[in-house]
Amino acid sequence: MSRKAWVQQIMGMPISIHLRGKDVDSPMVAHVVEDAFDLLREADRLFSTYRDDSEVSRIRRGELDPEHADPLVQQVMALCRQAGELTRGAFTDQLPDDQGVLRFDPTGLVKGWAADRAANRLADLSGLAFCLNVGGDVVVGGTEPEPEPEVNDGSGAIWRVGIEDPRDRSRVAQVVELHHGGAATSGTAARGAHLYDPNTKMFVDRGGSVAVVGPSLMRADVWATALFVGPKSLMLRFSEVADGYRVISL
Amino acid sequence: MRRIVTTILSTISIMVLLFSYHTSSSSATVSASPVVQQPASSDPNPPSGSSKSGGISTTRPGPAAKPSPAPAAIAYTGGVASTRWGPVQVRITVRGGKVTRAQAVQYPQGRSQDAQINSYALPILDQEVVQKQSASIDTISGATVTSDGYLQSLQSAIDQAHL
């Protein structure tokens, strides 16, 4: 069992890829890993609100008609609409800009969407397990876990994901074992009140966090944000429609 | 405004310093909690022959190879992170797969605000790493980490150590 890790800074976040398996040093593996990073860079080019030349920035300034946007941008816009309907409006892609004007901002969905795309590329690596961490959101996959009852030292394809304690970020509140799927956490511990509640039209300024674990990181992330900002009654909706997902409220 | 920091890790300087288990007294002078440790060179982009993504691999010894004497401590120095306060670089010391020490080898100084940040961040840094990895975890999910934080520098050291 060999392991190898890569880390790059993309989308203003540290992004790490960890691989475990037999041939982590092959050129083919390095190629696929670079492809995965490229997919994240592509998402940054198209969707970053920090880049003046991204398609999203041009849509925000009214310079680009969404109908003429890149197919990937249109795909994300459709996914944002679905996420809004799924979460009864607790997820939104209309966020206030510096002047308080609501503008198209799919950032809350793009991170998970882009990570899932990169993870799909990593899943092409046969015989390897991967763990992709995008600024604190995690997606893992790859080979089926091989039971190693005698050597329980964390090797194999099960990844132990520590869910950070939002009240003391030096501690891990819970550990989730994952071999496929994503884990997303939404809270104010790292960046302050940046999560917007479209119902109250306010940024949410409370402690705690919501972590969601499930098959798709994008879905998990949408739900983590929605449940953090949304009303308590949204939990009922979650339990009805988010099949295969579970929530950890901290 | 945050900037996309894509170049940091292209300049990773992988300093693998081998501390003998028995000479911990000499390395203790290097650590001593939040004492400023400036690197020999203040150049934030040390020359390096490491690959662009900083990928290095390790092969874990199987269980049969384990009954060896006390494992040596190995230090990994992360890439220099450009934070809004200035460059930050973190070194972790790993022994037997566990982080035993984390220290900043480079961090902002000068302004009073820096002193405040340092007095807060550096003492908890050591605790933080040691506590987080003690639960035998592979990765951490938490509120979004941005590139302009201490954790980013820390994460890169952790990634280099393949923990």
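J.: I would appreciate a short explanation of the environment of Ser249(A) in the present structure.
T.: All names here are of chain A. Following the sequence through the fold, Ser 249 ends up in strand E13 (residues 246-249). A tally of 12 C-beta atoms within 10 Å means that Ser 249 is categorised as exposed. Residues Ser 249 and Ala 224, spaced 25 residues apart in sequence, show a C-alpha to C-alpha distance of 9.2 Å.

J.: I tried to follow the environment of Arg60(A) on my own but got confused; where do I start?
T.: All names here are of chain A. Relative to the assigned elements, Arg 60 resides in helix H2 (residues 55-60). C-beta crowding within 10 Å serves as the criterion here: with 17 such atoms nearby, Arg 60 is assigned to the partly exposed category. Along the sequence, Arg 60 and Arg 103 sit 43 residues apart, while their C-alpha atoms lie 6.0 Å from each other. Every residue in contact with Arg 60, bar those within four places of it in the chain, is listed here: Arg 103 and Phe 104.

J.: Mind showing me how you'd approach the nonpolar core here?
T.: One broad rule of soluble globular proteins: the nonpolar side chains tend to lie buried together. One finds Phe130(A) and Leu132(A) to be the most contacted residues of the largest nonpolar core, which totals 71 residues. The contacts of Leu132(A), once residues within four sequence positions are left out, are Ile17(A), Ala115(A), Ala118(A), Ala119(A), Leu122(A) and Val139(A). Grouped together as the second largest cluster of nonpolar side chains are 9 residues, Ala73(B), Ala75(B), Tyr76(B) and Ala161(B) included.

J.: Mind showing me how you'd approach the packing of helix H5 (residues 217-229) of chain A against helix H6 (residues 234-241) of chain A here?
T.: Residues and elements named next belong to chain A. The interhelical angle for the contact between H5 and H6, taken along N-to-C directions, is 155 degrees, at an axis separation of 10 Å. Here H6 runs roughly antiparallel to H5, going by the angle between their axes. The residues of H6 that touch H5, namely those facing Trp 223, Ala 226 and Leu 227, are Leu 234, Met 235 and Phe 238. Looking at the contact of H5 with H6 residue by residue, the classes come out as 6 nonpolar, no polar and no charged.

J.: Would you mind going over the pairing of strand E2 (residues 13-21) of chain A with me for this structure?
T.: When a strand is regular, its side chains alternate between the sheet's two faces. All names here are of chain A. Counting buried positions along E2 yields 8 of 9 residues, so the element is predominantly enclosed. Direction of pairing for strand E1 (residues 2-10) relative to E2: antiparallel, over a ladder of 9 bridges. Within E2, the position partnered with Ala 5 by the bridge is His 18. Connecting the antiparallel pair E1 and E2 is a turn made up of 2 residues, with Met 11 showing a positive phi of about 60 degrees.

J.: How should helix H3 (residues 71-86) of chain A be read in this particular structure?
T.: Within an α-helix, residues lying three or four positions from one another point in the same direction, as the helix has 3.6 residues per turn. Residues and elements named next belong to chain A. The end-to-end C-alpha distance of H3 is 22 Å, a good match for the 22 Å that 16 residues give at a rise of 1.5 Å each. When H3 is considered as a whole, its buried residues turn out to be Val 73, Val 76, Leu 79, Cys 80 and Ala 83. All buried residues of H3 fall inside an arc of 120 degrees around its axis, so they share one side. Among the exposed residues of H3, those oriented more than 90 degrees off its buried face are Pro 71, Gln 75, Ala 78, Arg 81 and Glu 85. The elements touched by buried residues of H3 are helix H1 (27-47), H2, helix H4 (107-122) and H5. Immediately beyond the C-terminal end of H3, within one or two residues, lies Arg 88, with a positive phi of roughly 55 degrees.

About the thresholds
Residues numbered from 1 in each chain as written. Chains lettered and ligands numbered in written order. Predicted model: local features only at pLDDT ≥ 70, side-chain atom pairs only at ≥ 80, totals over all residues. Helix = DSSP H or I, 4+ residues; strand = E, 2+ residues; numbered from the N terminus. Buried ≥ 20, exposed ≤ 12 C-beta atoms within 10 Å, placed from the backbone. Contact = placed C-beta atoms within 7 Å. Core = buried A, V, L, I, M, F, W, Y, C linked by C-beta atoms within 7 Å. Axes fitted to C-alpha atoms, helices over the stretch in contact; angles between N-to-C directions. Parallel < 35°, antiparallel > 145°, perpendicular 65-115°, else oblique. Nonpolar A, V, L, I, M, F, W, Y, C, P; charged D, E, K, R; others polar. Pairing = 2+ DSSP bridges. Expected span 1.5 Å × (residues − 1). Arc of directions from axis to C-beta.

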